[in-house]
Every structure is written in structure tokens, then in C-alpha cells.
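Take a look at the letters that make up each chain.
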Amino acid sequence: MRASKKESERLEDTHEIHISGAEGLYDEKEILRILRQFTKRALIHPRGKPDKIVLTIERLREKPKKIKPLPIITLHCDSPDRAFKIVSEKLLEMGVTKRVIENVFNVLLSKKTMRGASLIDAKTGKRLEPDRERGVRVSRLGIEKSLEESLVKKLSKMKVHAQTVKEALTLASKVSSHPDVIAEICISDDPDYTTGYIASKKFGYLRIPNIKRHGENHGGRVFIIKEDADIKKLIEFLEKKPTIISI
Ligand code: WAQ
Ligand code: MG
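Residues numbered from 1 in each chain as written. Chains lettered and ligands numbered in written order. Predicted model: local features only at pLDDT ≥ 70, side-chain atom pairs only at ≥ 80, totals over all residues. Heavy atoms only, no water.

## Some words on the overall build of the chain
Item 1. Each helix and strand counted, the chain has 6 helices and 12 strands in total.
Item 2. A compact globule built from 247 residues would reach a C-alpha radius of gyration of about 18 Å, and the chain, at 18 Å, matches this within 12%.
Item 3. Taken along its principal axes, the extent of the C-alpha atoms in the chain is 50 × 45 × 40 Å.
Item 4. Expressed as a percentage of its 247 residues, the buried residues of the chain come to 47%.
Item 5. Long-range pairs, those at least 24 residues apart, make up 66% of the contacts in the chain with a sequence separation of at least 6.
Item 6. Here the chain has roughly 13,900 Å² of accessible surface; of this, 51% comes from carbon and sulfur atoms.
Item 7. With 51 positive and 36 negative side-chain charges, the chain shows a spacing of 4 Å between the two charge centroids. (Helix = DSSP H or I, 4+ residues; strand = E, 2+ residues; numbered from the N terminus. Rg over C-alpha atoms; globule rule 2.2 N^0.38 Å. Buried < 20%, exposed > 50% of the residue type's maximum accessible area, 1.4 Å probe, protein only. Contact = heavy atoms within 4.5 Å. Areas by Shrake-Rupley, 256 points an atom, 1.4 Å probe, with all protein chains shown as cover. Lys, Arg positive; Asp, Glu negative; His and termini not counted. Charge placed at Lys NZ, Arg CZ, Asp CG, Glu CD.)

As C-alpha cells, then:
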């Protein structure tokens, strides 16, 4: 699902502002329920009322690849300043330089939000995504039923927004499973969702509360990529390879 609105009322204005997106892997019998759920999500989104909602359904031609979920850890953090310190420390530990970290923060704090993620070269800090306005949209990702049930139970007990965390963990587990990805940093672009995360094979899925203040509209995702990565193959994996997280 992809929901957007035009930047202004002018007829000739074709520039679209991203409101909401969602994707998943589902059995045929679930399609109608999911369409309803995604449409509702778009219609009552905190980023505003969309004037276009696009729903796409595709049949999978291959069996999804199974990947393990990252372990979930919630850190203590009471302000955006502290959150950015935590992210910096983790990235420095992984050998990412201050200059590169600055580029990461610039993307995440930009007023211009993207539909997808920015890919940043770990050595040079250069942005590698072919379309900087759109970014790379991770798709064809799902979660096995039994894992989903136990995860939602566990998350509900933790008093967190189970649906949001489940979807983010699914995405982060797919992204970090690729050998060319060093880490992912995420801030929601929803004004009322203030917990972000940094995820990697090395540290797992680290939830960071208060990474932004209530009401702020910025947000985004950055994937930090090994310098010798084959970018075309990596994007193909992120966008097209069906993956399902399961234990
Ligand atoms: N592929 C790539 N980038 C994406 C995708 C995707 N499928 N979906 C969203 N993004 C990017 C895009 O730039 C958005 O602006 C940004 O991420 C934020 O998306 O454990 O809700 O859907 O409590 O607003 C984190 C949960 C929730 C943390 C993140 O992101 C926790 C969230 P949102
Ligand atoms: Mg959002």
C-alpha cells in the first residue's frame, strides 16, 4: 500500500508527499482482510489525509527465504540528544567515522521525508540509492504465523505498539540479514511515534525511546553499506527477494 497527497491544490502540481506505506506476504484467503486493514491505515493516518491510495497485489513465484528475527532490546533514553549519542556510540564501535555519522543524521533529520531508505557508504558517507527522493523500498517481507502470535503476545505485555514494532522488526531482520549491510537506523515519520531503533547483526534490534519529540514530522531510514558492496544486487534483494522471518 502506498498513500500520498499532492503538495498543493494546483492542478499542474505533480509532486507527491508520502503519507504511509505498508507491505507483507500473505495467503490468498487473507487478501481482503489485509486490503481493508491497509486502506484504513492510510485513511486515518496521523501524517494527514491522502488523496491517492495505491494497492498492489502480486503473486509470488518463489518460496520465501527463511531468516531469523533479530533479538529485541529496549534501551533507556529520555531525549533526542541522548538518542543521537547512543546511535553515534554504536556506529563508532562498528568503525563508522564521525563524518559518515553526520551524513546519516542529516538524512534522518531532513524535512523532506522519503518513501524508502537511504543507502550510505560506510567508508565515504556517500549516498548510494539511485533515486534520492524515493529511496529504496524494502518489500516482499513477512513473518511466520506462529512467530507472529508469540511476538505480538510478548510485545503487548511490554505495553508497546505491537503492530508497529512487529513490522519494523520484520524489516530490520530482512535488511540486516544481508552480508553487505552493517547497520540500519530508523526514526518513524509519524508525528506521534517517538521510538526509533538501530539494528545490526552485531547488536540486534535496539529500541531507542524518545528519539524524536511528539509532533515532529521528520523521520526516515538509513542502511549503512559495506564499501565494496554490489549495490544493484543489494537493492534487488531488498526490493524483490521474498523473505519470511521464522524461528
Ligand atoms: N523500505 C524502506 N524504507 C522504508 C520502508 C520500507 N518498506 N517503510 C518505511 N521506510 C522509511 C521511510 O523513509 C519512512 O519515512 C521511514 O522509514 C519511517 O517509516 O521498536 O513506523 O513506517 O518501537 O513511519 C519503529 C518502531 C517504527 C520502533 C518505524 O516507520 C520500535 C516506523 P515508518
Ligand atoms: Mg510512517
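After presenting the structure, the write-up continues.
## Details of unusual backbone geometry
Item 1. Although it is not a glycine, R140 adopts a positive phi angle of roughly 55 degrees.
Item 2. With respect to the secondary-structure elements, R140 resides in the loop between β6 (118-121) and β7 (141-143).
Item 3. On the basis of relative accessible area, R140 is assigned to the partly exposed category, the value being 21%.
Item 4. Its identity is not glycine, yet N210 carries a phi of approximately 60 degrees, on the positive side.
Item 5. Examined against the element boundaries, N210 turns out to sit in the loop between β10 (204-208) and β11 (220-225).
Item 6. Using a relative accessible area of 29% as the deciding quantity, one classes N210 as partly exposed.

## Side note on the pairing of β10
Item 1. Within β10, 5 of the 5 residues are buried, which leaves it mostly tucked inside the rest of the structure.
Item 2. From the end of strand β9 (residues 196-200) to the start of β10, which pair antiparallel, there are 3 residues. (Pairing = 2+ DSSP bridges.)

## A few points about the coordination of the magnesium ion (ligand 2)
Item 1. Taken together, the protein donors to the magnesium ion (ligand 2) comprise D189 (OD) and D190 (OD), at separations of 2.1 to 2.2 Å.
Item 2. By relative accessible area, D189 is classed as buried at 14%. (Donors = N, O, S within 2.8 Å, 3.2 Å for Na, K, Ca; no water.)

## Description of the site of ligand 1
Item 1. Near ligand 1 there are 24 residues, and of these V138, D189, Y193, Y205 and R207 occur at the shortest range.
Item 2. Between ligand 1 and R207 there is a distance of 2.7 Å, counted from an oxygen atom to a side-chain nitrogen or oxygen.
Item 3. Expressed as a share of its isolated accessible area of 700 Å², the protein-covered part of ligand 1 is 92%.
Item 4. Of all elements in the fold, only α5 (162-177), β8 (181-187), β10 and β11 reach the threshold of two or more residues within the shell around ligand 1. (Near = heavy atom within 4 Å. Polar contact = N/O pair within 3.5 Å; in protein donor to acceptor, adjacent residues only side chain to side chain.)

## What to know about the packing of helix α4 (residues 145-157) against α5
Item 1. Where α4 contacts α5, the axes come no closer than 9 Å and their chain directions differ by 130 degrees. Here α5 runs oblique to α4, going by the angle between their axes. Classified by chirality, the crossing of α5 by α4 is right-handed. On α5, the residues that touch E148, L151, V152, L155 and S156 of α4 are A162, V165, K166 and L169.
Item 2. Within the contact of α4 with α5, the residues separate by chemical class into 6 nonpolar, 1 polar and 2 charged. (Axes fitted to C-alpha atoms, helices over the stretch in contact; angles between N-to-C directions. Parallel < 35°, antiparallel > 145°, perpendicular 65-115°, else oblique. Left-handed = near helix turned anticlockwise from the far one by under 90°. Nonpolar A, V, L, I, M, F, W, Y, C, P; charged D, E, K, R; others polar.)

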